[in-house]
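Structural overview
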Amino acid sequence: MKINLLPIGARFEYDGQIYTKTGPITATAEKGGQRMIPRHAALRPVDGYTPPPESTTRKLDEKTVLDAFEAYHATALRLAEGLGKAELEQARTKFLAALGH
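Model, not experiment: these values are computed from the prediction.

Scoring rules and cut-offs
Residues numbered from 1 in each chain as written. Predicted model: local features only at pLDDT ≥ 70, side-chain atom pairs only at ≥ 80, totals over all residues. Heavy atoms only, no water. Pairing = 2+ DSSP bridges. Helix = DSSP H or I, 4+ residues; strand = E, 2+ residues; numbered from the N terminus. Polar contact = N/O pair within 3.5 Å; in protein donor to acceptor, adjacent residues only side chain to side chain. Contact = heavy atoms within 4.5 Å. Axes fitted to C-alpha atoms, helices over the stretch in contact; angles between N-to-C directions. Parallel < 35°, antiparallel > 145°, perpendicular 65-115°, else oblique. Nonpolar A, V, L, I, M, F, W, Y, C, P; charged D, E, K, R; others polar.

1. Concerning the pairing of strand E2 (residues 17-21)
Bridging between strand E1 (residues 11-14) and E2 involves 4 bridges; their strand directions are antiparallel. Looking at the pairing, Glu 13 lines up with Ile 18 of E2. The turn joining E1 and E2, which pair antiparallel and follow one another in sequence, is formed by 2 residues; a positive phi near 55° is taken by Asp 15. As paired strands, E2 and strand E3 (residues 26-29) are joined by 3 bridges and run antiparallel to one another. Looking across to E3, one finds that Tyr 19 is bridged to Ala 29.

2. Here's the deal with the side chain of Lys 21
With respect to the secondary-structure elements, Lys 21 resides in strand E2. A polar atom in the side chain of Lys 21 sits 2.5 Å from the backbone oxygen of Leu 6. Ignoring anything within four residues of it in the chain, the contact list for Lys 21 reads Ile 3, Asn 4, Leu 6, Pro 7, Ile 8, Gly 9, Ala 10, Phe 12, Thr 26 and Ala 27.

3. A closer look at the packing of helix H1 (residues 62-80) against helix H2 (residues 85-98)
Interaxial distance between H1 and H2 falls to 10 Å at its minimum, and their mutual angle equals 170°. It follows that H1 is roughly antiparallel to H2 by the angle criterion. Note on element contacts: H2 touches H1 through Lys 85, Leu 88, Glu 89, Arg 92, Phe 95 and Leu 96, opposite Leu 66, Phe 69, Glu 70, His 73, Ala 76, Leu 77 and Ala 80. The class makeup of the residues in the contact of H1 with H2 is 8 nonpolar, 1 polar and 4 charged.

Structure follows, in structure tokens:
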């Protein structure tokens, strides 16, 4: 298991020691001392922790994304009040082109 799958406070074994996760890539050893845990490190959870399923990402349909973007873009143009409107339009064009529109 990787460190990013563990919640803060979860205990795990790494390099023969037991640690408690204290940050995104930091942990405190049972014997004291902080350590950075590499994101690629293979960890063994203790205390029976089971990570959530990996497929927790939700899928958005294209229309939802485009509608949200256009709403954001309209607000940005209104707030720009003339300053940077050309740059915003260029950014919009590039964004839509990257999506194949």
